[in-house]
Structures are given as C-alpha cells and as structure tokens.
Amino acid sequence: MKINVLTLFPDMFTPLKVSMLGRGLEDGKWDLNLVNFRDFTSDVHHHVDDTPYGGGAGMVLQIMPIKKALDSLSDKGKVIITAPQGKTFNEEMAQNWSKEENLTFICGHYEGFDQRVYDLADETVSIGDYVLTGGELPTMSMIDATVRLLPGILGNEASPVEESFSHGLLEYPQYTRPADFEGQKVPEVLTSGNHQKIAQWRHYQALKTTYINRPDLLENRELSTEEKKMLADVKAELDQ
Ligand code: ADE
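Since the structure is predicted, the reported quantities are computational estimates derived from the model, not experimental observations. (Residues numbered from 1 in each chain as written. Predicted model: local features only at pLDDT ≥ 70, side-chain atom pairs only at ≥ 80, totals over all residues. Heavy atoms only, no water.)

1. Looking at the site of the ligand
Logical step 1: Residues in close proximity to the ligand include Thr-82, Ala-83, Pro-84, Val-125, Ser-126, Ile-127, Gly-128, Tyr-130, Val-131, Leu-132, Gly-134 and Pro-138, which together make up its full environment.
Logical step 2: Compared with its free state, where it exposes 260 Å², the ligand has 96% of that area covered by protein.
Logical step 3: Of all elements in the fold, only strand E5 (78-88) and strand E7 (123-126) reach the threshold of two or more residues within the shell around the ligand.
Logical step 4: Among the elements that make up the shell around the ligand, the one with the highest residue count is E5 (three residues).
Logical step 5: Here the shell around the ligand is composed, by residue class, of eight nonpolar, four polar and no charged. (Near = heavy atom within 4 Å. Areas by Shrake-Rupley, 256 points an atom, 1.4 Å probe, with all protein chains shown as cover. Helix = DSSP H or I, 4+ residues; strand = E, 2+ residues; numbered from the N terminus. Nonpolar A, V, L, I, M, F, W, Y, C, P; charged D, E, K, R; others polar.)

Structure (structure tokens):
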C-alpha cells in the first residue's frame with residue numbers, strides 16, 4: 001500500500017517512521033509519500049490560504065495548490081480529508097482502507113478548506129468530537145490504525161483479530177508474570193489450563209467492560225443467547 005499525504009507540515013510525520021510502522025516502511029510493506037502543497041503555489045509569497053468570502057474570522061485554505069498537488073500524483077486512490085465535521089473514524093473504516101492499493105490524505109489547518117476542496121475528496125473523516133489545530137495528528141492516527149492491519153506489520157499475525165472492536169466488543173483484561181504482585185493476584189481461571197473456561201471468562205469480561213465503558217456498542221449488536229445470559233450476569237454482578 002502507498003499512502004500520500006498532502007500537508008503543510010511534512011516534518012510532523014516522524015512518528016510513522018519509528019517502531020513497527022517504521023520497520024514496515026523499511027521492509028517495503030507500505031510506502032509514505034509526504035507532499036507539501038505549499039510547493040504548488042505560484043505567487044511569490046507562497047500563500048495557501050485567504051480570507052473567507054462573506055467575512056468572518058480566520059483564513060480558509062484555497063483550492064488551487066491542493067488541486068495541483070493532487071493532480072501531480074499518479075496513484076491517488078481513495079482521497080480522504082480530515083476535519084471535525086466528517087463522519088467519525090472507526091475500526092471498520094481502517095479495515096476497509098487496509099484493502100486499498102493507494103490512499104491520499106489531505107490535512108487541513110486554520111479555519112478549514114474552501115468547500116470545493118471537500119468536493120475533491122471521497123470522504124471527510126473526523127477522529128472525534130473535539131477540534132485540533134490541524135489534520136496531521138488525525139491523519140497519523142488513521143494511518144497507524146490502517147497500516148497495522150497490513151500483513152507482516154505486527155509481529156504476531158493473530159493479534160489484530162482478537163482485539164478491541166474487531167468483534168464489536170472491547171478487549172478483555174490481560175495479565176502476565178508475576179502471578180501475585182504485592183497481593184494483587186491474577187484471576188485463578190487464567191492459570192487453570194482449562195481453555196474453555198478461559199474463553200468463557202474472557203468473553204464475559206469483554207461484555208462487562210463494554211457494558212461499563214461503551215454501552216452504545218451493545219445496542220448495535222445482535223447478542224447470542226449465551227451473551228444475553230452473560231449480560232444479565234454482568235448486570236447482577238454490578239448491582240451487588
Ligand atoms: N482537524 C481538526 N480537528 C480534527 C478532528 N477532530 N478530526 C479530524 N481532523 C481534524
């Protein structure tokens with residue numbers, strides 16, 4: 001997969017070049033092409049923004065340098081703009097994007113883009129109900145969530161399918177050595193060697209965490225008979 005990013009601050013993207021994603025870049029498992037759209041301006045001062053028609057505070061990013069930067073790419077693929085007014089990013093989007101050959105992100109700044117820039121994109125996506133100074137951090141989050149799903153990026157191939165959100169539930173608690181830390185013991189079932197009991201316990205804990213932290217996820221989920229019983233047990237446990 002090749003990912004293009006149109007940004008005024010290419011230097012901000014160092015975090016994608018370290019750790020597992022960085023190793024993936026070095027190994028050619030994915031490619032990152034940072035494009036500064038200021039390089040596509042034609043005026044002496046290299047302006048990328050101007051005041052809004054109709055008045056109001058702040059500056060608006062102009063279409064011309066962004067359109068030229070996009071046109072310079074031979075392999076745009078799906079074009080994504082990061083902005084607070086977009087639909088909220090989630091794991092399902094990351095899974096869909098991870099199947100694409102090419103993606104192009106456009107990072108905004110100031111008071112946002114001229115509306116005609118949004119019309120150049122396939123999707124406008126937000127990372128949550130809060131406003132950041134620019135689209136670089138949201139873009140990095142989305143790239144991380146997408147690229148980690150590519151084959152060979154994570155050390156353990158099995159782990160992405162087992163984690164939070166992939167089954168519509170949050171992750172169950174995990175433990176490692178020591179079995180007893182200053183009196184805080186690991187749940188006995190995990191050291192029992194009984195794999196069926198362990199799977200049941202994890203499923204119950206995942207439901208419990210989801211019910212406590214993200215009950216909205218359960219509303220959109222078709223619960224199995226076993227899960228309905230587990231959820232009743234979770235509620236009874238919490239009522240105690
Ligand atoms: N740019 C500024 N805030 C943002 C947000 N919450 N999501 C995506 N892009 C943004």
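2. Quick word on the pattern of salt bridges
Logical step 1: Within this structure, the stated rule accounts for ten salt bridges.
Logical step 2: Of the charged contacts in the structure, one is a salt bridge between Asp-216 and Arg-214, with a shortest N-O distance of 2.9 Å.
Logical step 3: Its relative accessible area of 33% is what places Asp-216 among the partly exposed residues. (Salt bridge = Lys/Arg side-chain N within 4 Å of Asp/Glu carboxyl O. Buried < 20%, exposed > 50% of the residue type's maximum accessible area, 1.4 Å probe, protein only.)

3. Some thoughts on the packing of aromatic side chains
Logical step 1: What the rule picks out here adds up to three aromatic pairs.
Logical step 2: Ring centres of Trp-97 and Phe-105 lie 5.8 Å apart, and the angle between their planes is 75°; this geometry places the pair in the edge-to-face category. An identical accessibility class is assigned to Trp-97 and Phe-105; each is buried.
Logical step 3: Counting every residue linked through ring pairs, the aromatic cluster contains Phe-89, Trp-97 and Phe-105. (Phe/Tyr/Trp six-rings, centres within 6.5 Å; stacked < 30°, edge-to-face > 60°.)

4. Things to note about helix H7 (residues 195-213)
Logical step 1: Between its first and last C-alpha atoms H7 spans 27 Å; for 19 residues at 1.5 Å apiece the expected length is 27 Å, and the two agree.
Logical step 2: For H7, every residue scored as buried is listed here: Ile-198, Trp-201, Tyr-204, Gln-205, Ala-206, Leu-207, Lys-208 and Thr-210.
Logical step 3: At its buried positions, H7 is contacted by helix H8 (215-219) and helix H9 (225-239).
Logical step 4: Here H7 starts with a cap whose side-chain oxygen sits 3.2 Å from the backbone nitrogen of Gln-196, and that cap is Asn-194. (Expected span 1.5 Å × (residues − 1). Contact = heavy atoms within 4.5 Å. Polar contact = N/O pair within 3.5 Å; in protein donor to acceptor, adjacent residues only side chain to side chain.)

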